[in-house]
Amino acid sequence: MTAQEKLKNIREELKQMFLERGDLIDGALAALLSSHHLLIIGPPGTAKSMLADELCRRVDGANYFQWLLTRFTTPEEIFGAVSLKALEQDDYRRVTDHKLPDAHIAFLDEIFKANSSILNAILTLINERLFHNGKEVIRVPLLTLFGASNELPEEEELTALYDRFLLRFVVNYIAEDFRFLRMLESQAQPQRTLLSLAELKELQQAVRAVPLPSHVYRGIADIRRELNKKNIVASDRRYRQSLVLLQAHAFLEGATEVQEKNLFFLEHVLWRDPAEQEPVRSTIRELLLGYEEEITELLYESREIRESALQPGRASEERARSLIEFHTKLRNILTKVDQIVEKAKRLGRPLDRVNHVRNEIEQLQKEMLEQF
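Just so we're clear, the structure is a prediction, and the values are computed from it rather than from any experiment.

## Some thoughts on the overall build of the protein chain
Alright, step 1. Across its full length, the protein chain carries 14 helices and 9 strands.
Alright, step 2. By the compact-globule yardstick of 21 Å for 372 residues, the protein chain is too spread out, its C-alpha radius of gyration being 27 Å.
Alright, step 3. Looking at the 372 residues of the protein chain, the share that counts as buried comes to 46%.
Alright, step 4. Within the protein chain, residue pairs in contact and separated by at least 24 positions form 76% of the contacts whose partners lie at least 6 positions apart.
Alright, step 5. Surface summary for the protein chain: the accessible area is close to 19300 Å², and the carbon and sulfur share equals 48%.
Alright, step 6. Positive and negative side-chain charges in the protein chain, numbering 51 and 59 respectively, have mean positions lying 3 Å apart.

If you want it as structure tokens, here you go:
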């Protein structure tokens, strides 16, 4: 199998294991492919740590670090004990083997509960991939860090750390009974599809080569403008970083370039408070699908008018009036369609669906004119 085929298998295996977690799984894989970090907000027992563990198990040779943070957590637990040999040489250096600075994938539960000294070190590590160890500044191999919390941070000092998580998900317990039963009945998978670290690096390079068409950039600008109107403001850095995330999401779906539908994934990037999730989702949906929904309504209206005009049992004079009225209404509908086409062109939206509907309405008009 190629590395991309292995990635596809891993995606499907994880979705079989973690029910009602499709977007979260795509987010975890996209974070891994784009080297960004992911925050999961939800109660205990929603498989947060299990997902990070399963993902790491599928990267052959990757080191995994997991820890539950509390206000009593010490730096030694996260970064390693101080080296006694180094102390003899007046170097306050830690032994980082099997600790966070040594990890490729990490999961920190209750990440906002740790004290400020640990949080500041974590911030530098996840943001710059650097760890200050004694007299040296070492580059860490961290690919992605999963943070988890039961609640959002309230202290101002945690804002910077919170902002470093490009992807944010709110999870809950399984909602549907039939999926809950599937979870109870599920068995351990006999084998896992594995990616080597070298193959993962290869995939990361392929992700960054995925083209970003100009209409995708315009779509992001439109989303930003509409969200700003609703006082939902994300930083320029967050929008910039989201580009490689969109490339990763398109790559996951097997696309050859980023498509407009991939912009829906920004609903997991652009909110700051969970209360903003729905406005972000609806804003993106309205921008991307609004004109398509409008054009579909016009098509349904055209079909209803045709059925009404062709009702049997009418006198020839009444039928002629109905056909004239139908023709007039269709002409007005086509005018609205042309306005939508111009708007779609101006915004750089795909025109396939709009043109298909326009052609069908024109065909209806032609058929009716033949009735005269």
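What follows picks up the thread again.
## A short note on the sheet that holds strand S1 (residues 38–41)
Alright, step 1. Across the sheet, which stays open at both edges, the 5 strands sit in the order S3-S4-S7-S1-S8 with parallel pairing between neighbours. A strand with exactly one partner marks an edge of an open sheet, and here the two such strands are strand S3 (64–68) and strand S8 (167–170). Sheet twist, expressed as the mean angle between neighbouring strand axes with direction ignored, is 15°.
Alright, step 2. Taken together, the 4 bridges between S1 and strand S7 (residues 144–149) define a ladder with parallel strand orientation. Across the sheet, Ile41 pairs through a bridge with Ser149, a residue of S7.

## Details of the packing of aromatic side chains
Alright, step 1. Counted under the stated rule, the structure contains 3 aromatic pairs.
Alright, step 2. With 5.9 Å between their ring centres and 0° between their planes, Phe65 and Trp67 make a pair best called stacked.
Alright, step 3. Between Phe79 and Phe131 the ring centres are 5.3 Å apart and the planes differ by 20°, which places this aromatic pair in the stacked class. Residue Phe79 is found in helix H4 (residues 75–79), and its partner Phe131 is found in strand S5 (residues 130–133); the two are separated by 52 residues along the sequence. Taken as a pair, Phe79 and Phe131 share a single burial class, namely buried.
Alright, step 4. Over the aromatic face of Tyr162 sits the side chain of Arg168, whose NZ or CZ is 4.1 Å from the ring centroid.

## Some details on the layout of surface pockets
Alright, step 1. One number sums up the size of the largest pocket: a volume of about 480 Å³.
Alright, step 2. Together, 21 residues line the largest pocket, and Met17, Phe18, Met50, Met183 and Ser186 are the ones closest to its centre.
Alright, step 3. Elements with a contribution of two residues or more to the lining of the largest pocket: helix H1 (3–17), helix H3 (48–57) and helix H8 (177–185).
Alright, step 4. In terms of residue class, the lining of the largest pocket is made up of 10 nonpolar, 7 polar and 4 charged.

## Regarding the side chain of Gln277
Alright, step 1. Within the element layout of this structure, Gln277 appears in helix H12 (residues 277–309).
Alright, step 2. Dropping the residues within four chain positions of it, Gln277 is found in contact with Val170 and Trp271.

## Topic: the packing of helix H2 (residues 22–34) against helix H9 (residues 197–208)
Alright, step 1. Closest axis-to-axis distance for the H2/H9 pair is 8 Å, and the angle between their directions is 90°. When the axes of H2 and H9 are compared, the pair comes out roughly perpendicular. Where H2 approaches H9, its residues Leu32, Leu33 and Ser34 are matched on the opposing element by Leu200, Leu203, Gln204, Val207 and Arg208.
Alright, step 2. Looking at the contact of H2 with H9, its residues break down into 5 nonpolar, 2 polar and 1 charged.

Conventions we followed
- Residues numbered from 1 in each chain as written.
- Predicted model: local features only at pLDDT ≥ 70, side-chain atom pairs only at ≥ 80, totals over all residues.
- Heavy atoms only, no water.
- Helix = DSSP H or I, 4+ residues; strand = E, 2+ residues; numbered from the N terminus.
- Rg over C-alpha atoms; globule rule 2.2 N^0.38 Å.
- Buried < 20%, exposed > 50% of the residue type's maximum accessible area, 1.4 Å probe, protein only.
- Contact = heavy atoms within 4.5 Å.
- Areas by Shrake-Rupley, 256 points an atom, 1.4 Å probe, with all protein chains shown as cover.
- Lys, Arg positive; Asp, Glu negative; His and termini not counted.
- Charge placed at Lys NZ, Arg CZ, Asp CG, Glu CD.
- Pairing = 2+ DSSP bridges.
- Axes fitted to C-alpha atoms, helices over the stretch in contact; angles between N-to-C directions.
- Phe/Tyr/Trp six-rings, centres within 6.5 Å; stacked < 30°, edge-to-face > 60°.
- Lys NZ or Arg CZ within 6 Å of the ring centre and 35° of its normal.
- 1 Å grid on protein atoms, 1.4 Å probe; cavity = no way out; pocket = protein on both sides within 12 Å on 5 of 7 lines; lining within 4 Å.
- Points joined across faces, edges and corners; volume = space filled by probe spheres on them.
- Nonpolar A, V, L, I, M, F, W, Y, C, P; charged D, E, K, R; others polar.
- Parallel < 35°, antiparallel > 145°, perpendicular 65-115°, else oblique.

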